[in-house]
Amino acid sequence: MDNDAVFYRELPKVELHAHLNGSVSAQTIEKLISRKPHLNIEHSMTAIGKGQRRTLDECFEVFRVIHKLVDTEEDILMVATDVIKEFAADGVKYLELRSTPREERDTGLTKRSYIETVIKAIQKCKEEGVDIDVRFLVAIDRRNGTEVALETVNLAEEFMLSSDGLVVGIDLSGDPTVGHGKDLLPALQKAKNSGLKLSLHLSEIPSQLDESDLLLSLPPDRIGHGTFLHPEVGGSQSLVDKVVQKKIPIELCLTSNVKGNTVPCYAKHHFKYWYELGHPTVLCTDDKGVFCTDLSQEYQLAASTFGLSHEAVWKLSQQAIDSIFGPETVKQQLKEKWNDLHPQLFNFNFFKK
Ligand SMILES: CNc1ncnc2c1ncn2[C@@H]1O[C@H](COP(=O)(O)O)[C@@H](O)[C@H]1O
Ligand SMILES: [Zn+2]
């Protein structure tokens with residue numbers, strides 16, 4: 001590993017947009033495949049390698065394959081534990097994992113046991129002393145409609161109260177071409193009223209202006225992607241104004257958007273637009289397993305594409321702390337951690353740039 005790569009790995013980082021089943025590494029996929037050889041799944045079906053691009057549709061096909069491999073409590077426990085440890089090894093100090101509770105009749109998995117198992121994995125890593133603070137966002141898959149969204153919010157509310165602060169919010173995700181946000185608004189509003197934070201995938205594809213406008217009225221606490229919000233790509237100034245006035249942080253996932261073909265190339269990623277506005281932006285991985293990346297690499301790519309110095313990169317990772325859904329006390333702890341680690345990263349000449 002060269003010195004620059006070491007800098008990005010050692011850089012303390014906050015990861016706020018990571019879908020559990022999209023984050024499964026090649027090693028863990030191999031373990032899952034050996035547990036279920038009869039499925040005839042190969043690793044090439046669960047990841048999009050270097051230089052490859054897919055349509056968003058094809059990405060959602062990949063999730064269907066992974067879901068077949070991850071369908072028992074035992075699988076979820078292994079996957080979540082491995083993912084948490086991999087983020088920790090990549091220098092992530094605070095992680096918000098998101099995942100859609102599923103039920104599987106064949107294995108007895110229920111939505112409740114799904115959430116319980118993710119929580120168990122978080123607690124297990126904590127007990128083992130893994131150096132990372134992990135929280136959980138319960139995800140709503142937009143294609144499942146009003147009733148399921150409400151059911152998910154009810155479960156999330158329950159676990160927010162019983163999980164010792166581990167369940168902190170709701171994610172709205174899933175295939176953006178399916179369903180409409182207006183059907184999910186009552187569930188999202190209910191979640192917000194109960195104290196759950198909201199991170200919503202917004203304008204991930206063009207032609208969702210009405211939906212984005214509607215969902216921004218909640219308003220959400222963070223936005224995922226927001227690829228087509230700004231006027232240069234067919235969005236609108238009034239949407240941008242709303243996001244800016246309400247200072248809603250945006251989670252940006254460069255490689256995910258390039259490989260999923262919603263932005264033409266790294267240089268044209270909307271990171272530039274929002275970063276230059278001085279708006280709170282947080283670099284994230286989205287699906288590190290599927291898109292074959294990690295958060296260090298995303299920081300390095302942003303820096304090399306947009307010409308950011310190491311100091312600017314440091315600032316970016318530090319400012320992400322303000323956008324977490326964890327409590328104020330955790331923000332303070334993280335800020336202290338960043339201060340403690342700063343000299344280590346900047347006192348060596350070979351890290352300077
Ligand atoms: C690429 N851009 C994306 N846009 C929208 N939703 C996405 C996504 N990437 C992942 N997901 C959502 O996360 C699920 C997989 O993780 P979990 O089973 O929940 O842990 C996918 O099925 C989809 O609903
Ligand atoms: Zn996402």
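Residues numbered from 1 in each chain as written. Chains lettered and ligands numbered in written order. Predicted model: local features only at pLDDT ≥ 70, side-chain atom pairs only at ≥ 80, totals over all residues. Heavy atoms only, no water.

As recorded in an unreviewed UniProt entry, the chain goes by the name N6-Methyl-AMP deaminase, listed as coming from Oreochromis niloticus. The record in UniProt for the chain states the following under Subunit (unreviewed entry): "Monomer." Checking UniProt for the chain, the heading Catalytic activity (unreviewed entry) contains the comment "N(6)-methyl-AMP + H2O + H(+) = IMP + methylamine". (UniProt positions renumbered as here; feature names shortened; annotations may be inferred.)

A. Spatial organisation of the overall build of the chain. A tally of helices and strands in the chain yields 14 helices and eight strands. Relative to the globule expectation of 20 Å for 353 residues, the C-alpha radius of gyration of the chain, 19 Å, shows essentially globular dimensions. Considered along the principal axes of its C-alpha atoms, the chain spans approximately 55 × 45 × 40 Å. For the chain, buried positions account for 58% of its 353 residues. (Helix = DSSP H or I, 4+ residues; strand = E, 2+ residues; numbered from the N terminus. Rg over C-alpha atoms; globule rule 2.2 N^0.38 Å. Buried < 20%, exposed > 50% of the residue type's maximum accessible area, 1.4 Å probe, protein only.)

B. Quick look at the site of ligand 1. Near ligand 1 there are 19 residues, and of these His-67, Ser-99, Thr-100, Glu-204 and Asp-287 occur at the shortest range. Thr-100 places a polar side-chain atom, nitrogen or oxygen, 2.6 Å from an oxygen atom of ligand 1. Within the side chain of Asp-287, an N or O atom sits 2.8 Å from a nitrogen atom of ligand 1. Because more than half of its atoms lie within 2 Å of the grid, ligand 1 is assigned to the largest pocket. Looking at the shell around ligand 1, the elements that each hand over two or more residues are α3 (56-69) and β2 (92-99). Broken down by element, the shell around ligand 1 gets its largest block of residues, three residues, from α3. (Near = heavy atom within 4 Å. Polar contact = N/O pair within 3.5 Å; in protein donor to acceptor, adjacent residues only side chain to side chain. 1 Å grid on protein atoms, 1.4 Å probe; cavity = no way out; pocket = protein on both sides within 12 Å on 5 of 7 lines; lining within 4 Å. Sits in = over half its atoms within 2 Å of the grid points.)

C. Focus on the UniProt feature "domain: Adenosine deaminase" (unreviewed entry) in the chain. Mapped onto this numbering, the UniProt entry annotates "domain: Adenosine deaminase" (unreviewed entry) at residues 12-337. Measuring from the first to the last C-alpha atom of residues 12-337 gives 8 Å, for a span that is 45% helix and 14% strand.

D. Examining the coordination of the zinc ion (ligand 2) more closely. For the zinc ion (ligand 2), the protein coordination sphere consists of His-17 (NE2), His-19 (NE2), His-201 (NE2) and Asp-286 (OD), at 2.1 to 2.2 Å. In this structure, the zinc ion (ligand 2) is surrounded by four donor atoms whose angles at the metal cover 80 to 167°, and the resulting shape is irregular. One chain supplies every donor to the zinc ion (ligand 2), and in sequence these donors are spaced H-x1-H-x181-H-x84-D. With His-17 in strand β1 (residues 13-19) and His-201 in strand β5 (residues 197-202), this pair connects stretches of sequence that are 184 residues apart. His-17 sits in the buried class, given a relative accessible area of 0%. Look at His-201 and you get buried, because its relative accessible area is 8%. (Donors = N, O, S within 2.8 Å, 3.2 Å for Na, K, Ca; no water. Tetrahedral: all angles 85-135°; square planar, octahedral: opposite > 155°, others 65-115°.)

E. Inspection of the layout of surface pockets at higher detail. A volume near 710 Å³ is recorded for the largest pocket. For the largest pocket, the lining is made up of 39 residues, of which His-67, Thr-100, Asp-141, Arg-143 and Gly-174 are closest to its centre. Secondary structure elements with two or more residues in the lining of the largest pocket: α3, β2, α5 (111-127), β3 (133-141), α6 (145-162) and α10 (254-259). Among the elements that line the lining of the largest pocket, the one with the most residues is α3, at six residues. Tallied by class, the residues present in the lining of the largest pocket amount to 12 nonpolar, 15 polar and 12 charged. Together, 21 residues line the second largest pocket, and Asp-90, Cys-292, Thr-293, Asp-294 and Gln-297 are the ones closest to its centre. Of all the secondary-structure elements, those providing two or more residues to the lining of the second largest pocket are α1 (3-10), α4 (73-89) and α12 (295-306). Across the lining of the second largest pocket, the residue classes break down as nine nonpolar, seven polar and five charged. (Points joined across faces, edges and corners; volume = space filled by probe spheres on them. Nonpolar A, V, L, I, M, F, W, Y, C, P; charged D, E, K, R; others polar.)

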